[in-house]
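So you can see what is in the structure, the chains are spelled out below.
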Amino acid sequence: MQDSGSAAPVAVLLRPPANLVSRKAIPFWTVRAGLGWVVVTALQIVWLVRDELNAAHVAAFVVTAVLAAAHLTVMPRWRFRVHRWEATPEVVYTQSGWFNRERRIAPVSRIQTVDTQRGPLEQLFGLTNVTVTTASARGPVHIHGLESADAQRLVAELTANTQAVGGDAT
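For every chain, the first residue of the written sequence is number 1, and numbering continues from 1 along that sequence. Local features in this predicted model are restricted to residues of pLDDT 70 or higher, and side-chain atom pairs are both shown and tallied only at a pLDDT of 80 or more, whereas totals for entire chains, interfaces and linings draw on every residue. The side-chain figures draw on all heavy atoms in the structure; neither hydrogens nor water molecules are used.

Let us look at the overall build of the protein chain. Helix and strand labels come from DSSP, where a helix needs a run of H or I of at least four residues and a strand needs a run of E of at least two; each type is numbered from the N terminus. In terms of helices and strands, the protein chain carries 4 helices and 7 strands. When its helices and strands are written in sequence order, the protein chain yields β-α-α-β-β-β-β-α-β-β-α. When the 170 residues of the protein chain are sorted by exposure, 34% land in the buried category. By definition, residues are in contact when any of their heavy atoms lie within 4.5 Å. The contacts of the protein chain with a sequence gap of at least 6 include a subset with a gap of at least 24, amounting to 54%. Under the convention used here, a 1.4 Å probe and the Shrake-Rupley method define accessible areas, while residue burial counts only the protein chains that appear. Working note: accessible area of the protein chain is about 10600 Å², and carbon and sulfur atoms make up 62% of it. Whether a residue is buried, partly exposed or exposed follows from its accessible area with a 1.4 Å probe, protein chains only, as a fraction of its type maximum: under 20%, in between, or over 50%, in that order.

Set out below in structure tokens:
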């Protein structure tokens, strides 16, 4: 039997993307999550006003306080350590998730649009989100919590890399 000259497939291990999001994302995520806990607490206050104070109210307030404290302490720091991004002339690479980590690699040749978003709270913290839309059924690639200057540089870099590749991204 002759050797066809084909090599066996080589396993490639993905390393985490090189760049962390901005440290400003930690207080931003804390404040944004805190707003949600304010709503939960307000609903409990409405419940208390419509009813008499009893053991169920006290238990609900205690549970809410413990869950809110844990969420506001752990979530932003955990998210900061996990969420990463990287852009090369060939790909955009992201990592996100909580317990299930998702790594996405989008070839520059598949990029259709690059957008930025800054809500009022992001503007207050000097943060910008970048969305890279590709010709993929999986949907766009999101990079949340970038310094606004870093986001603008990334958009310019991706635009230049996309134009250099050419084609119609399909």
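All right, on to the confidence of the model for the protein chain then. Confidence in the prediction of the protein chain, expressed as mean pLDDT, is 89, and 89% of residues score 70 or more. pLDDT measures how confident the predictor is about each residue, on a scale from 0 to 100. Across the protein chain, the element-wise mean pLDDT spans from 92 in strand β4 (residues 102–107) up to 97 in helix α3 (residues 120–125).

Right, let's get into the side chain of Thr128. Mapping Thr128 onto the fold places it in strand β6 (residues 127–134). Residue classification places Thr128 among the buried positions, given a relative accessible area of 0%. A polar side-chain atom of Thr128 sits 3.3 Å from a polar atom in the side chain of Arg118. Within the structure, the side chain of Thr128 is placed 2.8 Å from the side chain of Ser148, a separation counted as a polar contact. In this structure, Thr128 is in contact with Thr116, Gln117, Arg118, Ile143, Gly145, Leu146, Ser148 and Ala151, ignoring residues within four places of it in sequence. Two N or O atoms form a polar contact when they lie within 3.5 Å of each other; inside protein one atom must be a possible hydrogen donor and the other a possible acceptor, and for residues adjacent in sequence the pair counts only when both atoms belong to side chains.

Attention now moves to the pairing of strand β7 (residues 141–147). As judged from the 5 bridges shared by β6 and β7, these two strands associate in the antiparallel manner. Paired with Thr131 across the two strands is His142, which belongs to β7. Strand pairing is assigned whenever DSSP identifies at least 2 bridges connecting the two strands. Count of turn residues in the β6/β7 antiparallel hairpin: 6 residues, of which Gly139 carries a positive phi of about 100°.

With that settled, consider the pattern of salt bridges. A carboxyl oxygen of Asp or Glu within 4 Å of a side-chain nitrogen of Lys or Arg is what we treat as a salt bridge. Applying the stated criterion to the full structure yields 4 salt bridges. In this structure, the salt-bridge partner of Glu147 is Lys24, at a minimum N-O distance of 3.2 Å. Here Glu147 is found in strand β7, whereas its partner Lys24 is found in the loop between β1 (19–20) and α1 (25–50), with 123 residues between them in sequence.

A word on the sheet that holds strand β5 (residues 111–117). Pairing in this open sheet of 3 strands is antiparallel, and the strands run β5-β6-β7 from one edge to the other. The open sheet has two edge strands with one neighbour each: β5 and β7. The sheet shows a mean angle of 20° between the axes of neighbouring strands, taken without regard to direction. Where β5 lies against β6, 6 bridges are found, and the strand directions are antiparallel. Across the sheet, residue Thr113 finds its bridge partner in β6, namely Thr133. Only C-alpha atoms enter the line fits that serve as axes; for helices the fit covers just the stretch in contact. Angles between N-to-C directions range over 0 to 180 degrees.

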